[in-house]
Amino acid sequence: SAAAGLERPQVVSHAQQALSYTVFDCKWVPRSARLLCLGSAARGTGLIQLYELRGARLELLREIEKPKPIKCGTFGATSLQQRYLATGDFDGNLNIWNLEAPEIPVYSVKGHKEIINSIDGVGGLGIGEGAPEIVTGSRDGTVKVWDPRQNDTPVANMEPVQGESKRDCWTVAFGNAYNQEERVVCAGYDNGDIKLFDLKTMSLRWETNIKNGVCSVEFDRKDINMNKLVATSLEGKFHVFDMRTQHPTKGFASVSEKAQKSTIWQVRHLPQNRDIFMTSGGSGSLHLWKYEYPAQRSKKDSEGCEMGVAGSVSLLQNVTLSTQPICSLDWSPDKKGLCVCGAFDQTVRVLIVTKLNKI
């Protein structure tokens, strides 16, 4: 109905900036009106650009060039005071930069033999308990966890066991960091494998396969008891797993949804409401979703074992912004509904999603 249409969130393009290079990741700088674009220049070097949002335009404050193209970045393992950026590059290097003095990294390690596809941080920004850690996933098939306070060696290394073929790891995410001891890493691979590593017990806690390359995984919150995990795939499908109840043989309950025909490159949960998330697609579109919990989140099976019950997903809004894939997406942690996305049309866009407090 028309009245319902008025209440639906709208995705409004607020500011956009054409770039002269390929952007792979974009990030809001915490507690600021600034954002970063990370990518690859035409001559094969890496670029970090810092922009400030001034009214309806983006002003370039700084451009930093590095030897290797930069694939991904996170602020998640740093303090709000420092706001250091951790990046993964095409050569397998993990670097941490002080953006005030970015000439030399404050931490650097040759983390992987091949490109670092994905990076995540936890224990920083006042979010999540425990050590400030960074996880990296690489084409070399390994997933490694780093504590920047320890030099050169990862605190955890998840790699294929002897004889197992190595799969390209496309995406990694931290979760379950609700106290000093608990912490998990979820990793998604090019063959559809999803693996959940428990860092407390240093063991594989759960694995499944969603039949298509896993492009993005994210917990709805990193710093709580595992609640939900979204995994997106090459074939335009995504899966929402209820992570509260793990059945001994069936694992976690899930619901899947086909958003579009093309790849879903990323999923990002709204920081201020964990049941709302946005997916970005290969068709240059964004879809805004809401998860609805079932009446009861668990039930007993015939053996008396607790098993989870999946909820449902509803589409709140979708918009097509670009003719090229939207490869990166980040919500502002500070201002509800403010979002930045980068696309392969070499454009970064700042969006405002309205009416999020009405749903």
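Small disclaimer: the values here were computed from a predicted structure and weren't measured.

A. Up close: the UniProt feature "repeat: WD" (unreviewed entry) in the protein. UniProt's entry tags residues 134-156 with the feature "repeat: WD" (unreviewed entry), counted in the numbering of this structure. As annotated, residues 134-156 has a helix share of 0% and a strand share of 43%, and its two end C-alpha atoms lie 10 Å apart.

B. Representation of the sheet that holds strand β6 (residues 70-74) in the model. The antiparallel open sheet is built from 4 strands, whose spatial order is β6-β7-β8-β9. Strands at the two margins of the open sheet, each flanked by one partner only, are β6 and β9 (107-110). Taking the axes of each pair of neighbouring strands and ignoring which way they run, one obtains an average angle of 20° across the sheet. Two strands pair when backbone bridges link them, and β6 and strand β7 (residues 85-89) are joined in this way by 4 bridges, in the antiparallel orientation. Note on β7: the bridge partner recorded for Gly73 is Thr87.

C. Inspection of the side chain of Thr142 at higher detail. Residue placement: Thr142 occurs in the loop between β11 (133-138) and β12 (143-146). Here Asp140 takes part through its side chain, which lies 2.7 Å from a polar atom of the side chain of Thr142. With near-sequence residues (within four places) excluded, Thr142 lies in contact with His112, Thr136, Gly137, Asn157, Met158, Glu159 and Cys169.

D. Examining the packing of aromatic side chains more closely. Scanning all chains against the criterion turns up 8 aromatic pairs. For the pair Trp265 and Phe344, a centre-to-centre distance of 5.2 Å together with 80° between the ring planes defines the contact as edge-to-face. Here Trp265, found in strand β22 (residues 264-270), pairs with Phe344, found in the loop between β29 (338-343) and β30 (347-353); they are 79 residues apart in sequence, far enough to count as distant. Using a relative accessible area of 29% as the deciding quantity, one classes Trp265 as partly exposed. The exposure class of Phe344 is partly exposed, given its relative accessible area of 27%. Of the aromatic side chains, those joined through ring pairs into one cluster are Phe24, Phe90, Trp265 and Phe344. Sitting above the plane of the Phe174 ring, Arg183 keeps its charged end 5.7 Å from the centroid.

E. Looking closely at a positive patch on the surface. A surface patch of positive charge is lined by Lys211, Lys237, Lys258 and Lys261. Residue position: Lys261 is located in the loop between β21 (254-258) and β22. For Lys261, a relative accessible area of 79% corresponds to the exposed category.

F. The state of the cysteines, seen in detail. On inspection of all chains with the given rule, the structure shows 0 disulfides. We note that Cys186 lacks a disulfide partner, and the nearest cysteine sulfur, in Cys169, lies 9.2 Å from it.

Criteria and thresholds
- Residues numbered from 1 in each chain as written.
- Predicted model: local features only at pLDDT ≥ 70, side-chain atom pairs only at ≥ 80, totals over all residues.
- Heavy atoms only, no water.
- UniProt positions renumbered as here; feature names shortened; annotations may be inferred.
- Helix = DSSP H or I, 4+ residues; strand = E, 2+ residues; numbered from the N terminus.
- Pairing = 2+ DSSP bridges.
- Axes fitted to C-alpha atoms, helices over the stretch in contact; angles between N-to-C directions.
- Polar contact = N/O pair within 3.5 Å; in protein donor to acceptor, adjacent residues only side chain to side chain.
- Contact = heavy atoms within 4.5 Å.
- Phe/Tyr/Trp six-rings, centres within 6.5 Å; stacked < 30°, edge-to-face > 60°.
- Buried < 20%, exposed > 50% of the residue type's maximum accessible area, 1.4 Å probe, protein only.
- Lys NZ or Arg CZ within 6 Å of the ring centre and 35° of its normal.
- Patch = residues over 30% accessible without salt bridge, like charges linked within 9 Å, V, L, I, M, F, W, Y side chains within 5 Å.
- Areas by Shrake-Rupley, 256 points an atom, 1.4 Å probe, with all protein chains shown as cover.
- Salt bridge = Lys/Arg side-chain N within 4 Å of Asp/Glu carboxyl O.
- Lys, Arg positive; Asp, Glu negative; His and termini not counted.
- Charge placed at Lys NZ, Arg CZ, Asp CG, Glu CD.
- Disulfide = S-S within 2.5 Å.

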